[in-house]
Structure formats: C-alpha cells, structure tokens
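These are the residues of each chain, in order.
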Amino acid sequence: MNKNRLGLLFFLIALFAVISVAQKKEYTNPILAGFFPDPSICRVGNDYYLVNSTFSYYPGIPVFQSKDLVNWKQIGNVMSSPDVMKLEGLNISEGMFAPAIRFHEGWFYVTCTFVGGGGNFIVKSKKAAGPYSDPVWIPEINGIDPSLFFDEDGKTYIVYNSIAPDNNELYRGHRTIRIREFNIEEMKVKGEEHILINGGTDLSKKPIWIEGPHIYKKNGYYYLLASEGGTREDHSVVIFRSKEIFGIYESYKNNPILTHRNLDPKRPNPITCTGHADFVQTQSGDWYSVFLGSRPYHPPEKNHFNTGRETYLVPVDWSGEWPVMNNGKYEVEYHYPLPLKSKPLKGTIPQSGNFTLRDDFNKKKLDLNWIFLRTPKSKWYSLEMKKGFLTLNLRPENFSEKVNPSFIGRRQQHNFCSVTAKMKFNPISDNEKAGLLVFQNEKHYYYLCKSISDDKTVIQLLKPSDDNTNPLSIIASNEIKESNLTKDVFLKIETVGNFYNFYY
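Computed from a predicted structure; not experimentally measured.

1. Overview of the overall build of the protein
Thought 1: Of the regular secondary structure elements, the protein holds one helix and 35 strands.
Thought 2: Relative to its length of 504 residues, the protein is compact, with a C-alpha radius of gyration of 24 Å against a globular reference of 23 Å.
Thought 3: Principal axes of the C-alpha set define a box for the protein whose edges measure 80 × 50 × 45 Å.
Thought 4: Here the protein, with 504 residues, has 51% of them falling under the buried criterion.
Thought 5: Summed over all atoms, the accessible surface of the protein reaches about 24800 Å², with 50% contributed by carbon and sulfur.
Thought 6: The distance from the centre of the 60 positive side-chain charges to the centre of the 54 negative ones in the protein is 7 Å.

2. Digging into the pairing of strand 31 (residues 444-453)
Thought 1: With seven of its ten residues buried, strand 31 lies for the most part within the structure.
Thought 2: Pairing of strand 30 (residues 434-441) with strand 31, which is carried by seven bridges, proceeds in the antiparallel orientation. Counted as the bridge partner of V438 is Y446 from strand 31.
Thought 3: Hairpin connection from strand 30 to strand 31: two residues lie between these consecutive antiparallel strands.
Thought 4: Here strand 31 pairs with strand 32 (residues 456-464) via seven bridges, running antiparallel. Bridge assignment links I452 to a residue of strand 32, and that residue is T457.

3. Considerations on the sheet that holds strand 34 (residues 489-496)
Thought 1: Spatial strand order, 29-34-35: three strands in an open sheet with antiparallel pairing. Of all strands in the sheet, those bounded by a partner on one side alone are strand 29 (416-423) and strand 35 (499-503). On average, each strand axis in the sheet is inclined to that of its neighbour by 10 degrees, with strand direction left out of account.
Thought 2: Relative to strand 34, strand 29 is paired through eight bridges, and the arrangement is antiparallel. Looking at strand 34, one finds that C417 is bridged to T495.

4. Regarding the nonpolar core
Thought 1: Within the largest apolar cluster, 37 residues are counted, with the highest numbers of intra-cluster contacts made by W72, F279 and M325.
Thought 2: Residue assignment for this core shows that the elements contributing at least two residues are strand 3 (47-51), strand 16 (221-228), strand 17 (236-242), strand 20 (272-281), strand 21 (287-294) and strand 22 (310-317).

5. Digging into a nonpolar patch on the surface
Thought 1: Taken together, the side chains of F416, V496 and F499 present a nonpolar region at the surface, about 330 Å² in accessible area.
Thought 2: Relative to the helices and strands, V496 resides in strand 34.

6. Section: the packing of aromatic side chains
Thought 1: Scanning the model with the defined rule gives 32 aromatic pairs in all.
Thought 2: Judged by centre distance (5.8 Å) and plane angle (90 degrees), the ring pair of Y223 and W322 falls under edge-to-face. Within this pair, whereas Y223 is found in strand 16, its partner W322 is found in the loop between strand 22 and strand 23 (324-325), the two being separated by 99 residues in sequence.
Thought 3: Classification of Y223 as buried rests on a relative accessible area of 1%.
Thought 4: Note on F372 and Y381: the rings are 5.3 Å apart at their centroids and 45 degrees apart in plane angle, and the pair reads as tilted.
Thought 5: Since its relative accessible area comes to 6%, F372 is described here as buried.
Thought 6: Of the aromatic side chains, those joined through ring pairs into one cluster are Y216, Y221, Y223, Y252, F279, W287, W318 and W322.
Thought 7: Between the NZ or CZ atom of K124 and the centre of the ring of W107, over which it lies, the distance is 4.2 Å.
Thought 8: In this structure, R410 packs its charged tip against the face of W370, placed 5.2 Å from the ring centre.

7. With respect to the environment of D317
Thought 1: Within the fold, D317 resides in strand 22.
Thought 2: Residue D317 is classed as partly exposed on the basis of its relative accessible area of 41%.
Thought 3: The spatial distance from the C-alpha of D317 to the C-alpha of E228 is 21 Å, given a sequence separation of 89 residues.
Thought 4: Not counting residues up to four positions away in its chain, the partners in contact with D317 are W322, P323 and V324.
Thought 5: Engagement of the side chain of D317 in a polar contact is seen with the side chain of S319, the distance being 2.7 Å.

8. Observations regarding the sheet that holds strand 30
Thought 1: Read across the sheet, four strands follow the order 30-31-32-33 without closing on themselves; strand pairing throughout is antiparallel. With partners counted over all chains shown, the strands left at the sheet margins are strand 30 and strand 33 (472-479), one partner each. On average, each strand axis in the sheet is inclined to that of its neighbour by 25 degrees, with strand direction left out of account.

9. Focus: the pattern of salt bridges
Thought 1: Tallying each qualifying case throughout the model produces 19 salt bridges.
Thought 2: The salt bridge partner of E88 is K377, with a shortest N-O separation of 3.0 Å. Of this pair, E88 sits in the loop between strand 6 (73-79) and strand 7 (95-104) while K377 is found in the loop between strand 25 (371-373) and strand 26 (381-382), placing the two residues 289 residues apart along the sequence.
Thought 3: Relative accessible area serves as the criterion here: at 71%, K377 is assigned to the exposed category.

10. Looking at the environment of A98
Thought 1: Relative to the elements of secondary structure, A98 occurs in strand 7.
Thought 2: Sequence-wise, A98 and D38 are 60 residues apart; in three dimensions their C-alpha atoms are separated by 5.3 Å.
Thought 3: Apart from the residues within four sequence positions on either side, A98 is in contact with D38, S53, T111, C112, D145 and H276.

Thresholds applied
Residues numbered from 1 in each chain as written. Predicted model: local features only at pLDDT ≥ 70, side-chain atom pairs only at ≥ 80, totals over all residues. Heavy atoms only, no water. Helix = DSSP H or I, 4+ residues; strand = E, 2+ residues; numbered from the N terminus. Rg over C-alpha atoms; globule rule 2.2 N^0.38 Å. Buried < 20%, exposed > 50% of the residue type's maximum accessible area, 1.4 Å probe, protein only. Areas by Shrake-Rupley, 256 points an atom, 1.4 Å probe, with all protein chains shown as cover. Lys, Arg positive; Asp, Glu negative; His and termini not counted. Charge placed at Lys NZ, Arg CZ, Asp CG, Glu CD. Pairing = 2+ DSSP bridges. Axes fitted to C-alpha atoms, helices over the stretch in contact; angles between N-to-C directions. Core = buried A, V, L, I, M, F, W, Y, C linked by side-chain atoms within 4.5 Å. Patch = residues over 30% accessible without salt bridge, like charges linked within 9 Å, V, L, I, M, F, W, Y side chains within 5 Å. Salt bridge = Lys/Arg side-chain N within 4 Å of Asp/Glu carboxyl O. Phe/Tyr/Trp six-rings, centres within 6.5 Å; stacked < 30°, edge-to-face > 60°. Lys NZ or Arg CZ within 6 Å of the ring centre and 35° of its normal. Contact = heavy atoms within 4.5 Å. Polar contact = N/O pair within 3.5 Å; in protein donor to acceptor, adjacent residues only side chain to side chain.

Written as structure tokens, this is what we have:
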C-alpha cells in the first residue's frame, strides 16, 4: 500500500508540474532532457523536425517531430540498418557525430560524420521518419559536421569543419570552416573547395575548434553560424556574414552571441557548455535556436554531469542586421514563454521537466526511446516469449568491451530520479548475471544484479576493475534468503545529484 501511495504521489507531483507550467504559458529547458547533443532542426509547413548525435549507440540519429517547438515526439531513426551501422570496436564517444537535417523540394536530407566508420555521408527520405536511403559517402570532405545549404538560385552547397590551411596548424585546435558546391541530384561534391573561416572569430586570439557550421540567407547576406571554444565550459555560438557565398565573411563585433564561459561556476542550478546551435523560423516569422547545454550536479564548479549534453531552446531576435539570441541576455534560463500554441502530437511522451514513465513491454516492438550499446548482430531479446516481459538472452559479451552486450537502455534525464524494474531470473553459476546498469562508458558504470557466489544466490553491486582476468569488482554482495529464492526480484537505482543509491 505504501508503495502504491508513493507512486501516486510521484504521479501527482509530475502532473502538477505540467499543469503549472502550462497555466503560465511557459516551456521548460532543456526541451530534450538527457543525452541529446548536437541538435539540428528544420521546419516543413507547420511541422518541425529535429535530429541529434548518438555516437556508438544504436539505432543512430533519432528523428523528432513537433508542432510547437516544445513537445517533441520521436518518430524514427535515420540510421537503423545493421549492415551500415557497424559500431563494434568503437569507443562509446565515436560513431554518429553532429547530424544536420534539411528539407528541399519534397526530400529530407541528413548529413553526418561516422567517426571510426566511413567518414562523412548523406542520406535522404521522402518522410522525416524514414526509411532513409543507404548512405552516400563523401570522401572529399576532410573534416566533420557537414551541413547542406540550398540557395535561391537553385545551387546547393555543403559546409563543414576541416583542417587548418595547408594542414599547417598554428596552435592546437586551429581549424577552418570550408564549403563546396554540391550536386544534390548525384549526391556528390563539385567544383573547388573554399575556406570561409580560418581559425574563428579572431585568428590572433587563437580561437579553437570552430565547428558545427550552418548557413542561412537573409536580407541579401549569407549568415554563417558556428560554434567555437570546444565543447566544455568555453563552448560558444558565433556568427559571420558575407554578400557572397564564398566570402569574405565578416565576424560580428558582438561575438559570441551565446556562451556561458564567463559566468560564476558556483551559481545555483547552472547550465554549462552552451553551443552547437541551429536556427529555425516559425510560420509566423519568429526565429528560434536549438543548441546543446549541460546541467552539472553538485558541486557545480567541477562541471560533472550524468545527464549528458541536452537540447535547449531560446528565442532569436533577427529584426536587425545580426541575430540576437536569448533576448540579449547572457544566461540561458529554464523557463520562457511558449513560442507557439501548445499542440502535442498524439502519443507524445514527456521529454522535459518533471515526469514519470512506465513500460510494461506489452507492445510488439520496443519503444523508440530504448537504445542498444553498439549494433546487435542478432536478435538476443524478445517481447513475444513472455507477454508483458522483455526477455534477454545471457551472452558472454560484457560492458567493458567495445562490443554489443545484452544491454537495452534509456537516457538518464534528471539529476534526481529513480528507475525500478521487476525481474524473473534464476542463475545457476557465478558467471550468470542479470539486472540494472547505470552506464557512462566502458570504464565507468555500476551494475546491480542477481547472481551466484559460493553456491549461494546473491544480489551484487559491481563496477569495472583494472584486472584483465576479471573485468568486474564487487562493491557489495548480499545473500538472498532461501524463502525468497522463488520470488520476483525488484531492483532500483536512484540518483540524487552526485550520488547513486542501489536497492533491491
């Protein structure tokens, strides 16, 4: 009874939070909480579409749809072919980097970089949800973060991050933004490569890691949006413009137009690492920007976060010659007025603010929010074997290896939250384990599981070890009483800021 009441209490709190925000006609940042980095956005009529990086998780590049820029529903994945998404052997931070989505003459185009795979590529589809074509690789692009621009004269261009001029790096992080004309019918580059930006806003100040470029045309100017400063605390958004597509590009005197690099790191409830932006214009003519940011846990000055890099939304005032992000304020806020009338699509689940979710695994397919660690070579899970259950096969692959283990996960979306699972599992030897995992990378995770130790059934809490002969070390282990051996096991992982608590 107490558990049911507690669950109801959580539900009412979440419901109240949604109602209170709606009454104020505000939305909550981040609009996509959790690991949703490098957002790119486009509008088609009254619909908005957004994609994110997924690195070495599978399937790759989620596609979201929204009617109001605030309530987002995942409708598909761009990269869902095991034959193409060959992620085995890659670090968790390799794989799908910085996709960009654009729509042109009835086609959705997504450009991206497969780090550790085939490099830069482009795919297309008549529907945003897919299926998308097989990737067309673009070997001529030596760099990352490709993005298409469709000009008014019918020409198409691809802009991207690349190496320093003549590969002569003046300092670490010296990069360029380059462009080439692109034959959209044949899906390949044409003509010569042109350098648009060397180094960044001011080469004399040695700006680092200029990347994530997008081009927009407004009032006779080509505006080039990019990020500068790396993806940590010095991350920023900068803007340039030129009368000609190939330049010379003028750097805006008030650059950066978005950054949190100079804010007090000890401020309460900070948002850090803001950058990697994309712009979109609403059907009413207003402009907005999506970009990534992070929410560190306590103490904030260390800038450690378990929710990853997330997707944020702020208004853009482009009534003048240059775009002004975030109402001209330095610090991104957690609440803003709704950009459009709230219109959640049917089946939309919360991705922002306070909420609770439950999955009884009673559908024929896994919900799109579940992801795999690298690409499954075979189907080692089932929703049909036992109705209302997700059945996983025991396999020798483990989480410390660069392989596809029996892992199905969701993004952690809050610094204060919990996950609970009911499990049926009867191990017969000490190398059989099943349970809940909180995973950051191959060297940083905790595993709460049921297993066998010294011929006794136990609940164990494990973490990676430096011992090559035994990849896991035991933090805690409790024997299960004989009277409980035939009962279902309930496992719970709770995160409270910088702590994880484990229950059974």
